[in-house]
Amino acid sequence: MIRFDQVSKRYATGQEALSGLSFQVEPGEMVFVTGHSGAGKSTLLKLLAMIERPTRGTVTVDGRNLSTARAGSIPRLRRKLGMVFQDHRLLMDRSVFANVALPLVIAGIAPAERARRVRAALEKVGLLSYEKQAPAMLSTGEQQRVGIARAIVAKPPLIIADEPTGNLDPQLAAEIMGLFDALQNVGTTVLVASHDLMLIKRTRKRVLVLDHGRLVDDVPATEVRS
Amino acid sequence: MARVAREPATSRTRPRRVAAWGEQHAWGLVASLRRLGGRPLGTLLTVTVMGFALALPLTFALLLGNLQRLGTALGQTQAISVFMKVDGHAADAKALADSLRDRKEVAAVDVRTPKQGMAELATMQGFSDALKSLDYNPLPYVVVIRPVAHIDAGEAAKLIAWLRTQPGVDQVQDDGAWRQRLDALLAVGTRAVLLLAVLLAIAALLVVGNSVRLDIQGRSDEIGVLRLVGASPSFVRRPYLYAGLWYGLAGGVVATVLTLLLEWALSAPVARLAASYGGRLDFGGLPWALLALVPVLAAALGWLGARLVCARQLRRPE
Ligand SMILES: Nc1ncnc2c1ncn2[C@@H]1O[C@H](COP(=O)(O)OP(=O)(O)OP(=O)(O)O)[C@@H](O)[C@H]1O
Ligand SMILES: [Mg+2]
């Protein structure tokens, strides 16, 4: 599903965020990316979302080389991707419902079907009763869950989440991980950037460890110990 | 990928694609109204400025149109007066009148005797006393010619030249000459109004463009989110195009209302002026079709302004 081949990313500032990164993720796999702050976790996800382009190497998603994708095809590629951002990125002047519905409007889903799916997604993150609220009225953790609902609502084959549990208590964080796990079971590939080691250990999935932009460890799920 | 459980293919059928298109437009439309509502003062200012800019050429067109009507109304009385020599014979005037009646460019001929002229003058205020002191009639025979309604300038000139060569003729006065000068002036005026309309339309375009640019800059976060969830460029652009359309439409409506107000304000004084010309003249507003067309054209203008700005401001993400 995902293949990084000798990928390096150097920002315009000269900062080398990723260097010589190579790994592969199978379809339907759930993988954590961890490492210290500034290790390059967000950068790795940004390459997948085509927010940034690699300086060297190739990123392949679903058999498609993102480095050679034309700018015009980016929207279509992003529709196959559910993204949870470190900073939520919600439309603050629209309701929770409208925020979650957005990917479905873009995909051209019929209103009745759309409402059904939005409610199903909100229910999964435990926010069904908040659908009419404005995101600004919600707590940070609740906003983060709205962002998660928006990422899963269109049922994309790949979900990438940047610190999706950063503002959640352990109980809620575990529930969200359970949600991702359930998605994985229906064949969705999930990539989660997190430095919450407790959570990673409890969830027991494969872990990629970054250190100063280098892949220093790739721990299979079976070897993750609580 | 093959293992991904897909929903039934909801976005594939043709009716659904058409409906989805409508829903996405509705989304953009609602979003555009939020844009306008989000900056009420700026919106009001944009609409007002645009309204005034478009009302200006309309006002000039209105004035020009009425000047034209005035010319036409007064032109119906245009006449050529042939003053015979004071010491001439009545027979000269009669002969001239008879030969004129046969010409096809002449509609009517009237011979006024010095006596008639004196009687006419006597009815005018201030003249009656002065005339009493005269012991002879100083007025000549006058042959008044009314040309056919649509005589052209060349024919009129030829007729006048011919009149000057006739025996007993002292002076020929063409009351219609000012008509030709007015027509020429109106042609210049029409050209000027068209030019003004083009210039002010460009100004309106820039005003809308600038507002849309501000809208886009104030919404950069939202634009970023839309792009990240896979919105196409036309989806991202649509709210701003609609906003431009609304700006233009509202500006056009303001321009139409302003013009109608002006027509209403002018109609009373012009009616009084008309009365002094014997009521042959009445005030004419701009044609309804033009007034109805103004908001439509303004909306198109607003859309175009927004489109140009979007092409620049939304060119490349990141
Ligand atoms: N847009 C940018 N321009 C320049 N440098 C950047 C940019 N984004 C990130 N960097 C740098 O690249 C490195 C990796 O950043 P990144 O955001 O990927 O780290 P991270 O692992 O997500 O950290 P955190 O856990 O704090 O979110 C950092 O040193 C950062 O300063
Ligand atoms: Mg980060």
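Residues numbered from 1 in each chain as written. Chains lettered and ligands numbered in written order. Predicted model: local features only at pLDDT ≥ 70, side-chain atom pairs only at ≥ 80, totals over all residues. Heavy atoms only, no water.

1. Details of the packing of aromatic side chains
(1) Moving on: For the structure on display, the rule yields three aromatic pairs over all chains.
(2) Moving on: When the centroid spacing of 6.2 Å and the interplanar angle of 25° are considered together, the rings of Tyr242(B) and Trp246(B) count as stacked. Of the two residues, Tyr242(B) and Trp246(B) are both situated in helix H9 (residues 233-276); the distance of four residues between them amounts to about one turn of the helix.
(3) Moving on: The class of Tyr242(B) is buried, set by a relative accessible area of 17%.
(4) Moving on: In this arrangement the basic side chain of Arg89(A) is found over the ring face of Phe85(A), its NZ or CZ atom lying 5.3 Å from the centre.
(5) Moving on: The aromatic ring of Trp162(B) is capped on one face by Arg103(B), whose charged end is 4.5 Å from the ring centroid. (Phe/Tyr/Trp six-rings, centres within 6.5 Å; stacked < 30°, edge-to-face > 60°. Helix = DSSP H or I, 4+ residues; strand = E, 2+ residues; numbered from the N terminus. Buried < 20%, exposed > 50% of the residue type's maximum accessible area, 1.4 Å probe, protein only. Lys NZ or Arg CZ within 6 Å of the ring centre and 35° of its normal.)

2. Describing the interface of chain B and chain A
(1) Moving on: Counting from both sides, the interface comprises 29 residues of chain B and, opposite them, 30 residues of chain A.
(2) Moving on: A combined buried area of about 2900 Å² lies between chain B and chain A, and 58% of that area is made up of carbon and sulfur atoms.
(3) Moving on: At the boundary of chain B and chain A, one finds two salt bridges.
(4) Moving on: The shortest N-O distance in the salt bridge between Arg114(A) and Glu23(B) comes to 3.1 Å.
(5) Moving on: The tally of links between chain B and chain A comes to eight residue pairs in polar contact (both at pLDDT 80 or more).
(6) Moving on: The set of elements that each furnish at least two residues to the side of chain B that touches chain A consists of helix H1 (14-38), helix H8 (220-228) and H9 of chain B.
(7) Moving on: In terms of residue count, the dominant contributor to the side of chain B that touches chain A is H1(B) (seven residues).
(8) Moving on: Grouping the constituent residues of the side of chain B that touches chain A by class yields 13 nonpolar, five polar and eleven charged. (Contact = heavy atoms within 4.5 Å. Buried area = accessible area lost by both parts, 1.4 Å probe. Salt bridge = Lys/Arg side-chain N within 4 Å of Asp/Glu carboxyl O. Polar contact = N/O pair within 3.5 Å; in protein donor to acceptor, adjacent residues only side chain to side chain. Nonpolar A, V, L, I, M, F, W, Y, C, P; charged D, E, K, R; others polar.)

3. Thoughts on the UniProt feature "transmembrane region" (unreviewed entry) in chain B
All names here are of chain B.
(1) Moving on: Here, the residues flagged by UniProt with the feature "transmembrane region" (unreviewed entry) are residues 41-64, 184-209, 245-266 and 286-306.
(2) Moving on: Split by type, residues 184-209 is 100% helix and 0% strand. Its first and last C-alpha atoms lie 38 Å apart.
(3) Moving on: For residues 245-266, helix accounts for 100% and strand for 0%, while the C-alpha atoms at its two ends are 31 Å apart. (UniProt positions renumbered as here; feature names shortened; annotations may be inferred.)

4. A few points about the packing of helix H4 (residues 111-124) of chain A against helix H5 (residues 140-153) of chain A
Residue and element names in this part refer to chain A.
(1) Moving on: In the contact formed by H4 and H5, the axes pass within 9 Å of each other and the chain directions differ by 135°. The orientation of H4 relative to H5 falls into the category oblique. The crossing of H4 and H5 is right-handed. Taken together, the residues of H5 that come into contact with H4 (itself represented by Arg 117, Val 118, Ala 121, Leu 122 and Lys 124) are Ala 149, Ile 152 and Val 153. (Axes fitted to C-alpha atoms, helices over the stretch in contact; angles between N-to-C directions. Parallel < 35°, antiparallel > 145°, perpendicular 65-115°, else oblique. Left-handed = near helix turned anticlockwise from the far one by under 90°.)

5. A short note on a positive patch on the surface
Residue and element names in this part refer to chain A.
(1) Moving on: Judged by side-chain charge, Arg 64, Arg 70, Arg 76, Arg 79 and Lys 80 come together as a positively charged surface patch.
(2) Moving on: Here Arg 76 lies in helix H2 (residues 74-78).
(3) Moving on: Residue Arg 76 is classed as partly exposed on the basis of its relative accessible area, which comes to 47%. (Patch = residues over 30% accessible without salt bridge, like charges linked within 9 Å, V, L, I, M, F, W, Y side chains within 5 Å. Areas by Shrake-Rupley, 256 points an atom, 1.4 Å probe, with all protein chains shown as cover. Lys, Arg positive; Asp, Glu negative; His and termini not counted. Charge placed at Lys NZ, Arg CZ, Asp CG, Glu CD.)

6. Comments concerning the site of ligand 1
Residue and element names in this part refer to chain A.
(1) Moving on: Near ligand 1 lie 14 residues; those nearest to it are Ser 37, Gly 38, Lys 41, Ser 42 and Thr 43.
(2) Moving on: Between ligand 1 and the protein, one listed contact pairs an oxygen atom with a side-chain N or O atom of Lys 41 at 2.8 Å.
(3) Moving on: Measuring from an oxygen atom of ligand 1, one finds a side-chain N or O atom of Thr 43 at 2.6 Å.
(4) Moving on: The protein chains hide 69% of the 630 Å² of surface that ligand 1 would expose on its own.
(5) Moving on: Counting residues per element, the shell around ligand 1 draws most heavily on helix H1 (residues 41-48), at three residues.
(6) Moving on: Looking at the shell around ligand 1 residue by residue, the classes come out as three nonpolar, ten polar and one charged. (Near = heavy atom within 4 Å.)

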